[in-house]
Amino acid sequence: MKIAIIGAGNLGLSIAKGLIVTNAFTTLYLTKRKTEDIQDYEEYAKVKVTSDNREAVQNSDILIFAVQPTQMERILEEIKDELHEKHVLISTITGFKIAAIEAIVGEQRFIVRSMPNTAIAVGKSMTCLCSNENGKKRIAIAEAIFNRLGTSIIIAENKMQAATVICASGVAFWMRLIRATTQGAVQLGFDAKDAQQLAMQTCLGASSLLIESGKHPEEEIDKVTTPRGCTIEGLNEMEHNGLSSSLIKGIQASFKKINTITTD
Ligand SMILES: NC(=O)c1ccc[n+]([C@@H]2O[C@H](COP(=O)([O-])OP(=O)(O)OC[C@H]3O[C@@H](n4cnc5c(N)ncnc54)[C@H](OP(=O)(O)O)[C@@H]3O)[C@@H](O)[C@H]2O)c1
């Protein structure tokens with residue numbers, strides 16, 4: 001695969017690192033205007049750093065756009081004359097609709113939208129993908145790329161806002177739950193470092209149990225809630241104080257807010 005990442009910032013470089021460690025390309029172009037800070041990447045075989053987006057597009061088949069939303073339109077205008085029938089365009093830009101991309105480059109192009117999260121930096125992103133009609137023929141390429149950087153699923157474009165709340169904002173929600181558990185553990189006598197480790201690893205273990213078994217969370221809860229025991233005592237106290245309800249309300253509030261910022 002000849003890949004170009006247009007906009008090698010936080011997200012672009014996380015994707016680049018994942019592609020480099022898994023040796024997933026024949027050539028990889030990384031672009032940004034000020035290239036000094038990413039020049040080191042040229043030390044990797046087959047990686048080229050440039051500020052020339054058109055050169056990157058001419059020499060690649062898969063184009064991953066990771067610039068800020070305000071920069072996207074101008075960049076598409078800049079490169080559109082370099083596009084040929086093989087190019088697959090993968091946008092990571094939050095809130096930038098497929099129709100807006102098609103309006104500039106044409107609906108005959110293979111266009112995929114992706115919504116990764118910050119866990120992409122450690123190869124654990126939950127990434128949602130959607131495409132235009134033609135893009136359905138090439139969406140497997142985007143799946144292959146993002147499955148190297150975590151897990152991906154294909155969704156309808158009108159669910160991208162909801163996916164942003166659950167997966168991108170979701171990282172912050174889970175962080176807060178881990179922090180709260182850490183605070184609880186400190187109160188039970190653990191030092192802060194050990195407390196955080198206990199919280200993080202228990203979270204990872206709980207999630208892994210579900211991923212590997214395919215079970216419903218309540219089945220795993222049943223296994224650890226002895227009748228009249230300490231787990232059900234704690235769990236019911238949390239629910240009396242609104243644990244599930246507050247999470248659901250928070251998700252709804254985030255979704256309401258994102259719909260005032262962008263529309264899908
Ligand atoms: N971070 C995430 O986890 C995440 C998750 C999902 C979606 N996204 C989306 O990903 C996009 C990028 O986010 P980010 O956090 O990675 O932003 P960022 O760190 O600001 O990266 C954007 C990069 O684009 C470069 N750039 C600007 N103008 C350019 C141009 N004309 N040609 C080539 N490169 C150019 C900038 O470098 P120069 O200034 O040197 O050009 C910068 O390095 C956003 O649209 C965001 O909505 C991010």
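Here the structure is a predicted model, which means the values were calculated and not measured.

1. Focus: the packing of helix α3 (residues 69-79) against helix α4 (residues 98-105)
Okay, step 1: Interaxial distance between α3 and α4 falls to 9 Å at its minimum, and their mutual angle equals 30°. On the basis of their axis angle, the class for α3 and α4 is roughly parallel. In the crossing of α3 with α4, the sense of the turn from one axis to the other is right-handed. Facing M72, E73, L76 and E77 of α3, the residues of α4 in contact are I101, I104 and V105.
Okay, step 2: Classifying every residue of the contact of α3 with α4 by side-chain character gives 5 nonpolar, no polar and 2 charged.

2. Observations regarding helix α6 (residues 160-187)
Okay, step 1: Under the 1.5 Å per step criterion, the end-to-end length of α6 is 40 Å for 28 residues, consistent within 8% with the ideal 40 Å.
Okay, step 2: The principal kink in α6, of about 55°, is found at G170.
Okay, step 3: Looking one or two residues beyond α6, the residue adopting positive phi is G189, at roughly 115°.

3. Structural notes on the site of the ligand
Okay, step 1: If you check the shell around the ligand, you find 22 residues, and the closest are L11, K32, R33, V67 and T94.
Okay, step 2: In this structure, K32 approaches the ligand through a side-chain N or O atom, which is 2.8 Å from an oxygen atom.
Okay, step 3: The side chain of T92 places a nitrogen or oxygen atom 3.5 Å from an oxygen atom of the ligand.
Okay, step 4: Within the complex, the protein chains bury 84% of what would otherwise be the 890 Å² of accessible surface of the ligand.
Okay, step 5: Elements supplying a minimum of two residues to the shell around the ligand: α1 (10-21) and α3.
Okay, step 6: With 3 residues, α3 is the largest single contributor of residues to the shell around the ligand.
Okay, step 7: Counted by class, the shell around the ligand contains 9 nonpolar, 10 polar and 3 charged residues.

What counts, and at which threshold
- Residues numbered from 1 in each chain as written.
- Predicted model: local features only at pLDDT ≥ 70, side-chain atom pairs only at ≥ 80, totals over all residues.
- Heavy atoms only, no water.
- Axes fitted to C-alpha atoms, helices over the stretch in contact; angles between N-to-C directions.
- Helix = DSSP H or I, 4+ residues; strand = E, 2+ residues; numbered from the N terminus.
- Parallel < 35°, antiparallel > 145°, perpendicular 65-115°, else oblique.
- Left-handed = near helix turned anticlockwise from the far one by under 90°.
- Contact = heavy atoms within 4.5 Å.
- Nonpolar A, V, L, I, M, F, W, Y, C, P; charged D, E, K, R; others polar.
- Expected span 1.5 Å × (residues − 1).
- Bend = angle between axes of the 7 residues up to and from the residue.
- Near = heavy atom within 4 Å.
- Polar contact = N/O pair within 3.5 Å; in protein donor to acceptor, adjacent residues only side chain to side chain.
- Areas by Shrake-Rupley, 256 points an atom, 1.4 Å probe, with all protein chains shown as cover.

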